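Remarks on the overall topology
Single-letter residue listing:
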Amino acid sequence: TLIEERLLAIACLFMAGVALVLVGMGLFGLLSVMVLSRTREIGIRMAIGGRRWQMVSLVLKETTLALGAGVALGLPLVWAGGRLVASLFYDVGVLNALTTTITVTIIALSGLPASWLPAIRAANVEPLTALRTE
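Let us look at the structure shown here. (Residues numbered from 1 in each chain as written. Predicted model: local features only at pLDDT ≥ 70, side-chain atom pairs only at ≥ 80, totals over all residues. Heavy atoms only, no water.)

1. A look at helix 4 (residues 97-123)
- Across its 27 residues, helix 4 extends 39 Å between first and last C-alpha, which sits within 8% of the 39 Å expected from 1.5 Å per residue.
- Taking the largest bend as the criterion, helix 4 deviates by roughly 30°, centred on S115, and proline P118 comes between one and four positions later.
- If you check which residues of helix 4 are buried, you get T100, S110, G111, A114, S115, P118, A119, A122 and A123.
- In this structure, the buried residues of helix 4 make contact with helix 1 (3-37), helix 2 (39-47) and helix 3 (52-88). (Helix = DSSP H or I, 4+ residues; strand = E, 2+ residues; numbered from the N terminus. Expected span 1.5 Å × (residues − 1). Bend = angle between axes of the 7 residues up to and from the residue. Buried < 20%, exposed > 50% of the residue type's maximum accessible area, 1.4 Å probe, protein only. Contact = heavy atoms within 4.5 Å.)

Okay, here's the thing in C-alpha cells:
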C-alpha cells in the first residue's frame, strides 16, 4: 500500500543526491578558476615567505566566506519559496526548522571537500613559475 510513497521518496532522495553533486561540481569549478586567476598573487606570497598551509588557509577562508554568503542569501529565498508552496498545498508548513538546518549543513559541508583540491593546488604553486605566468 505504501509502494507509491516509497518510490516517490526514493526518487526525491536520488534527485537531492544529484543536486548535491552538481553543487559540489559548481563550487569546485568556481574555486579552481579563482585559484587559477590568482596564481601570480599566490606566487608572490610564496616568494616573500608565505607557507603552504597559509595558502591553503587563504583559499579555505575565502570558500567559507562564499558559502556563508550563499547561505545568508539563500535562506530568505527558502523562506519565500516555503510560503509559496504553503499557499499552493493544503496542510503544508511554511518552514520546517529541522529540515532547513540539515539541508544547509549538508550543502555547507559539501563545499569544503570541493574546495580542498583547489586549495592544495594553490599551496603547490612554485613562486618562479607563478611569477612568469601572464
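After that view of the structure, there is still more to cover.
2. Describing the packing of helix 2 against helix 3
- The N-to-C vectors of helix 2 and helix 3 enclose an angle of 145°; their axes lie 10 Å apart at closest approach. Where helix 2 crosses over helix 3, the two elements pack in a sense that is right-handed. Between helix 2 and helix 3, the residues in contact are I42, R45 and M46 and R52, M55 and L58, respectively.
- A class-by-class count of the residues in the contact of helix 2 with helix 3 yields four nonpolar, no polar and two charged. (Axes fitted to C-alpha atoms, helices over the stretch in contact; angles between N-to-C directions. Left-handed = near helix turned anticlockwise from the far one by under 90°. Nonpolar A, V, L, I, M, F, W, Y, C, P; charged D, E, K, R; others polar.)

3. What to know about the nonpolar core
- If you look at the biggest cluster of nonpolar residues, it comprises eleven residues: V35, I42, M46, M55, V56, V59, A119, A122, A123, V125 and A130.
- Elements represented by at least two residues in this core include exactly helix 2, helix 3 and helix 4.
- Ignoring any residue separated from it by four or fewer positions in sequence, one finds V56 in contact with W116, A119, I120 and A123. (Core = buried A, V, L, I, M, F, W, Y, C linked by side-chain atoms within 4.5 Å.)

4. Structural notes on the pattern of salt bridges
- Across all of its chains, the model carries three salt bridges by this definition.
- With its nearest N and O atoms 2.7 Å apart, the salt bridge here joins E41 to R38.
- Residue R38 is classed as buried on the basis of its relative accessible area of 17%.
- Put simply, R45 and E41 hold a salt bridge, and the shortest N to O gap is 3.0 Å. On the criterion of helical spacing, the pair formed by R45 and E41 is a turn pair, its members being four residues apart in helix 2.
- Put simply, R38, E41, R45 and E62 are held in one network by salt bridges that share partners. (Salt bridge = Lys/Arg side-chain N within 4 Å of Asp/Glu carboxyl O.)

5. Remarks on the packing of helix 1 against helix 4
- It is the contact of helix 1 with helix 4, at a shortest axis distance of 8 Å, that shows an interaxial angle of 30°. Classified by the angle between their axes, helix 1 and helix 4 sit roughly parallel to one another. Judged by the twist between their axes, the crossing of helix 1 over helix 4 is right-handed. Contacts between helix 1 and helix 4 involve L20, V23, G24, L27, F28, L31, S32 and V35 from the former and I106, I107, S110, G111, A114, S115, L117, P118, R121 and A122 from the latter.
- For the contact of helix 1 with helix 4, the per-class residue count stands at twelve nonpolar, five polar and one charged. (Parallel < 35°, antiparallel > 145°, perpendicular 65-115°, else oblique.)

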